[in-house]
Amino acid sequence: MSAQPEGLYTDPLGTADSAAAQIAKRTGIASHDLALVMGSGWVSAADALGAPTHEFNADEIIGFLPPSVAGHSGKIRSYEIKTATGVIRVLVFLGRTHLYEGKGIEPVVHGVRTAVKAGCKIVILTNACGGINTDYRVGQPVLIRDHISLTATSPLIGAHFLDLTDLYSKRMRTIVKGEDSSLQEGVYVHWRGPTYETPAEIKMMRAMGADLVGMSTVPEAIAAHALGAEVLGISLVTNAAAGVTGEKLNHEEVIAAGKAAADHMGALLKGVIPKLL
Ligand code: 8IG
């Protein structure tokens, strides 16, 4: 079911406000604390958080488009995570809208804007990606330290000259590495897709200093930061980028590699979330 009005994104922040109000009404929770955006293959990592108190289809909320890719499920869940001193309300987005869907940048960032309007001070963005850095193995999680945008688009409009020097919070990266000292950090490059890169493009990206390549996360990180949220990005390397191994890239293999690593990711997230707030 999807009934989205005309002119949905003429006032994107207003639409995000309305969406946040709808989520508050549906969950009975006036304010959430932390948002988690789960990329393809990360759905079972969300299951490690326990049973959600609420779950609904994202497209029942204003501004959310129906999912267009297999493996991107389009659900919103609310979780209550108990800590020593109280509870943390976590809003989880299973699936996201990507630039390659051709709907423009607004639906791509609507989820994180809604999350911040719903009260979230921290946004954790996860994704599945290709590994450019030849030290990475398939199934390895990597913390995003910085990004390179190759899409020539931004979610911000107008003279909003936002500083991005600590976009992927050093504070939170340090906490996560304290939880799992084997975690590495890398630079994520945003590629519009839907085609994967050519081997020559991967060589260019490596020369530019990129370690990871994917089709998400960067616009969401910028939009969340612009609204004052602190951002953590975690990439799951689900394939070697084009030309690295000589194998062709295959969407089904990507989904399978994501699923295999998701249990470990779920445990990591569950352990670390109480320490971030
Ligand atoms: I999963 O190799 C996944 N997403 N651009 N390149 C790009 N996006 C990806 C890749 C990849 N793997």
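Only a predicted model underlies this, so the values are computations on that prediction, with no experimental measurement involved.

**So, the pairing of strand β3 (residues 75-82)**
Across four bridges, the pairing between strand β2 (residues 54-57) and β3 is antiparallel. In the strand pairing of β3, H54 is matched with S78. Bridge count between β3 and strand β4 (residues 87-94): eight bridges; the pairing is antiparallel. Residue I81 lies in a different strand from β4, and its bridge partner there is I88. Where β3 hands over to β4, the hairpin turn is made up of four residues, counted between the paired strands.

**Regarding the site of the ligand**
Looking at the ligand, there are 13 residues lining it, with G130, E197, T238, N239 and V254 nearest. Within the contact set of the ligand, a nitrogen atom lies 3.3 Å away from a backbone nitrogen or oxygen of G130. In this structure, N239 approaches the ligand through a side-chain N or O atom, which is 2.7 Å from a nitrogen atom. Burial of the ligand by the protein chains amounts to 95% of its free accessible area of 320 Å². Every element with two or more residues in the shell around the ligand is listed here: β5 (122-131), β8 (212-214) and β9 (230-240). The dominant element in the shell around the ligand, judged by the number of residues it contributes, is β5, at three residues. Here the residues of the shell around the ligand are counted per class, giving eight nonpolar, four polar and one charged.

**Points about the pattern of salt bridges**
When their charged atoms lie close together, side chains carrying opposite charge are able to pair. Across all of its chains, the model carries twelve salt bridges by this definition. For D17, the salt bridge identified is with K117, shortest N-O distance 3.9 Å. On the criterion of sequence distance, the pair formed by D17 in helix α1 (residues 12-27) and K117 in helix α3 (residues 106-117) is long-range, its members being 100 residues apart. Given a relative accessible area of 40%, D17 falls into the partly exposed group. Judged by relative accessible area, which is 33%, K117 ranks as partly exposed. Where K275 meets E179, a salt bridge forms, and the shortest distance between an N and an O atom there is 2.7 Å. Taken as a pair, K275 in helix α7 (residues 251-276) and E179 in helix α4 (residues 170-179) lie far apart in primary sequence, 96 residues in all. A relative accessible area of 47% places K275 in the partly exposed class.

Thresholds, definitions, all that
- Residues numbered from 1 in each chain as written.
- Predicted model: local features only at pLDDT ≥ 70, side-chain atom pairs only at ≥ 80, totals over all residues.
- Heavy atoms only, no water.
- Pairing = 2+ DSSP bridges.
- Helix = DSSP H or I, 4+ residues; strand = E, 2+ residues; numbered from the N terminus.
- Near = heavy atom within 4 Å.
- Polar contact = N/O pair within 3.5 Å; in protein donor to acceptor, adjacent residues only side chain to side chain.
- Areas by Shrake-Rupley, 256 points an atom, 1.4 Å probe, with all protein chains shown as cover.
- Nonpolar A, V, L, I, M, F, W, Y, C, P; charged D, E, K, R; others polar.
- Salt bridge = Lys/Arg side-chain N within 4 Å of Asp/Glu carboxyl O.
- Buried < 20%, exposed > 50% of the residue type's maximum accessible area, 1.4 Å probe, protein only.

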